[in-house]
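Summary of structural features
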Amino acid sequence: MSISDYTELMIEAADRTGDTTVPSRGKMLVGMAEAYLNKKLRVSDMEGSSTVTTDASGSVTMPSGWIEIKGVYRDKVRVPRLTYSPVEGSFTASGYYTDGDTLKSNLNAREIVILYFEAIPSLHDNGTNWLLSAEPEIYLTAIAWQVALRSSDFQTAGAAKAYLDGLLAEFSKHDATKRHGLTEINMTGEPFVRGSDFTVTV
């Protein structure tokens, strides 16, 4: 199935659920669906990177739309996430932590690279996005779940959520396979290599 944009999604969702009010409540339904999807999905299309410079105190504003940090690097070396003590008012180790939309660190006035996951672009605001193009069934099922919840049809809602979670797991698995393929791992300390077989040597 192919659904090109928000309008087509609303028509199909109304038809599937039998609820003709879906288009008029589309912004809310899609927003609630995307809030859940942003919590569950972590795939390559959500990855972003930004090269920034911290201020004199080691702070910098996170990129707009970020939802989770994947890693912070300085000179290609990964910076560890910090433990911060509000009582002591100081770091207990070198690295970074986040406070709202601000990354704080003891890397003062340094250039760093932030790898992060960003929110799925709003389908209501943009008309379409990469997830609708790749897997419209995810959006349709997420909306059906929200419609069932609104109607207090918890049996249907439970079935829809279970189906949705299965779709998300399969989508994530497919994305991981696309990115990493099959990998050979060696536990002796030698570098791992990609290959056609998966083996573990202890």
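Throughout what follows, the structure given in this document is the object of discussion.

Cut-offs used in this document
- Residues numbered from 1 in each chain as written.
- Predicted model: local features only at pLDDT ≥ 70, side-chain atom pairs only at ≥ 80, totals over all residues.
- Heavy atoms only, no water.
- Helix = DSSP H or I, 4+ residues; strand = E, 2+ residues; numbered from the N terminus.
- Buried < 20%, exposed > 50% of the residue type's maximum accessible area, 1.4 Å probe, protein only.
- Contact = heavy atoms within 4.5 Å.
- Areas by Shrake-Rupley, 256 points an atom, 1.4 Å probe, with all protein chains shown as cover.
- Polar contact = N/O pair within 3.5 Å; in protein donor to acceptor, adjacent residues only side chain to side chain.
- Pairing = 2+ DSSP bridges.
- Axes fitted to C-alpha atoms, helices over the stretch in contact; angles between N-to-C directions.
- Expected span 1.5 Å × (residues − 1).
- Arc of directions from axis to C-beta.
- Parallel < 35°, antiparallel > 145°, perpendicular 65-115°, else oblique.
- Left-handed = near helix turned anticlockwise from the far one by under 90°.
- Core = buried A, V, L, I, M, F, W, Y, C linked by side-chain atoms within 4.5 Å.
- Phe/Tyr/Trp six-rings, centres within 6.5 Å; stacked < 30°, edge-to-face > 60°.

What follows covers the overall build of the chain. From N to C terminus, the chain includes six helices and 12 strands. Residue burial in the chain is summarised as follows: out of 202 residues, 36% are buried. Sequence-distant contacts in the chain: of pairs separated by 6 or more residues, those separated by 24 or more amount to 62%. Accessible surface computed for the chain: about 11700 Å², of which carbon and sulfur atoms make up 52%.

Another point: the side chain of Ser105. Structurally, the position occupied by Ser105 is in strand β8 (residues 102-105). Of the residues examined, Ser105 reaches a relative accessible area of 2% and is grouped as buried. Here the side chain of Ser105 touches Gly58 through a polar contact of 2.8 Å, landing on its backbone oxygen. Within the structure, the side chain of Ser105 is placed 3.0 Å from the backbone nitrogen of Leu107, a separation counted as a polar contact.

The three strands lie next to each other as β2-β8-β7, forming an open sheet whose pairing is antiparallel. Unpaired on one side and paired on the other, β2 (59-61) and β7 (96-99) mark the two borders of the sheet. Neighbour to neighbour, the strand axes of the sheet diverge by 25 degrees on average, direction disregarded. Where β2 meets β8, three bridges bridge the pair, whose relative direction is antiparallel. Within β8, the position partnered with Ser59 by the bridge is Lys104.

Since there are 3.6 residues in each turn of an α-helix, residues three or four apart along the chain are aligned in direction. With 12 residues, helix α1 (residues 6-17) extends 16 Å between its outermost C-alpha atoms, agreeing within 8% with the 16 Å of an ideal straight helix rising 1.5 Å per residue. What α1 keeps buried is the set Tyr6, Leu9, Met10, Ala13 and Ala14. Looking straight down α1, one finds that the buried residues subtend no more than 130 degrees of arc, so they occupy a single side. Projecting away from the buried face of α1 at angles above 90 degrees are the exposed residues Thr7, Ile11 and Asp15.

Our next topic: the packing of helix α2 (residues 26-40) against helix α5 (residues 136-150). Two elements in contact, α2 and α5, have axes whose closest approach is 9 Å; the angle formed by their N-to-C orientations is 110 degrees. Our classification of the angle between α2 and α5 gives roughly perpendicular. Of the two elements, α2 crosses α5, and the hand of that crossing is right-handed. Facing Leu29, Val30, Met32, Ala33, Glu34, Tyr36 and Leu37 of α2, the residues of α5 in contact are Ile138, Tyr139, Ala142, Ile143, Trp145, Gln146 and Val147.

All right, on to the nonpolar core then. Generally speaking, nonpolar side chains in soluble globular proteins are found buried as a group. With 35 residues, the main nonpolar core has Leu9, Leu131 and Ile143 as its most contacted residues. Counting residues per element, the ones that place at least two in this core are α1, α2, α4 (130-134), α5 and α6 (154-180). The element best represented in this core is α5, accounting for eight residues.

Applying the stated rule across the entire model yields one aromatic pair. Between the aromatic rings of Tyr36 and Trp145, the centroid separation amounts to 4.8 Å while the plane-to-plane angle is 65 degrees, which identifies the pairing as edge-to-face. In this pair, Tyr36 sits in helix α2 while Trp145 sits in helix α5, placing the two residues 109 residues apart along the sequence. On the basis of relative accessibility, which here comes to 9%, the residue Trp145 falls in the buried class.

Remember, this is a structural readout, not a statement about activity or role.
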